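Structure assessment
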Amino acid sequence: MPEPLKTILLVEDDPDHEVLTIRALRKSNIANEIRVARDGEEAIRILFGSDPDSLQSAPQVILLDLKLPKIDGLEVLRRIRESDKTRMLPVVILTSSDEESDIVRSYRLGVNSYIRKPVNFNEFAEATRQLGMYWLVLNECPPLSN
């Protein structure tokens, strides 16, 4: 029996970017379940089990925006890397920020990849397709215990 598809956790507060990301993943035939957290606080609750709808298993990849309400993306990343439960999860920053300080801080905190969202939809769709193919098909994730 094939293994069930792993969840993608998309942490994105902008409804337009959320729709574009999901549309681009679906257009690329990425069939994984996509769970959306619309602020950093919700992402923390989902990942660490204090939300009634917490994930039953670790996500395959976390797509994390930086500019989030309540708890910003860098703080979410710091908490992910602090916990034994989530330390090894693949985290991809997917943001419109091209601030050098955001890039440096993200890598210092242990992000796996930093992608600036292209403004043009076709470029955004292609970047998302490549991101999905790499992290969901090609990349071999470490085994995680829940």
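What comes next is a walk through the structure. Predicted, not measured: the structure shown is a model, and the values here were computed from it.

Looking at a nonpolar patch on the surface
- A cluster of nonpolar residues, Met133, Tyr134, Val137 and Leu138, forms a patch on the protein surface that exposes about 390 Å² of accessible area.
- Within the secondary structure, Tyr134 sits in helix α5 (residues 121–138).
- Judged by its relative accessible area of 40%, Tyr134 falls in the partly exposed class.

Observations regarding helix α2 (residues 40–48)
- Listing the buried residues of α2 in full gives Gly40, Glu42, Ala43, Ile44, Ile46 and Leu47.
- At its buried positions, α2 is contacted by β1 (8–11), β2 (34–37), β3 (61–64) and α3 (73–82).
- The N-terminus of α2 is capped by Asp39, whose side-chain oxygen sits 3.0 Å from the backbone nitrogen of Glu41.
- Directly beyond the C-terminal end of α2, a positive phi value near 80 degrees is found at Gly49.

As for the sheet that holds β1
- If you walk across this open sheet you meet the five strands as β2-β1-β3-β4-β5, and the pairing is parallel. The open sheet is flanked by β2 and β5 (113–116), the only strands paired with a single partner. Pairwise comparison of adjacent strand axes, ignoring direction, gives a mean angle of 20 degrees for this sheet.
- Pairing analysis gives four bridges linking β1 to β2, with the strands arranged parallel. By the bridge assignment for β2, Leu9 is matched with Arg35.
- Each of β1, β3, β4 (91–95) and β5 touches α5; the most contacted strand, β3, lies at about 150 degrees to it.

Reading the values: rules and limits
- Residues numbered from 1 in each chain as written.
- Predicted model: local features only at pLDDT ≥ 70, side-chain atom pairs only at ≥ 80, totals over all residues.
- Heavy atoms only, no water.
- Patch = residues over 30% accessible without salt bridge, like charges linked within 9 Å, V, L, I, M, F, W, Y side chains within 5 Å.
- Areas by Shrake-Rupley, 256 points an atom, 1.4 Å probe, with all protein chains shown as cover.
- Salt bridge = Lys/Arg side-chain N within 4 Å of Asp/Glu carboxyl O.
- Helix = DSSP H or I, 4+ residues; strand = E, 2+ residues; numbered from the N terminus.
- Buried < 20%, exposed > 50% of the residue type's maximum accessible area, 1.4 Å probe, protein only.
- Contact = heavy atoms within 4.5 Å.
- Polar contact = N/O pair within 3.5 Å; in protein donor to acceptor, adjacent residues only side chain to side chain.
- Pairing = 2+ DSSP bridges.
- Axes fitted to C-alpha atoms, helices over the stretch in contact; angles between N-to-C directions.

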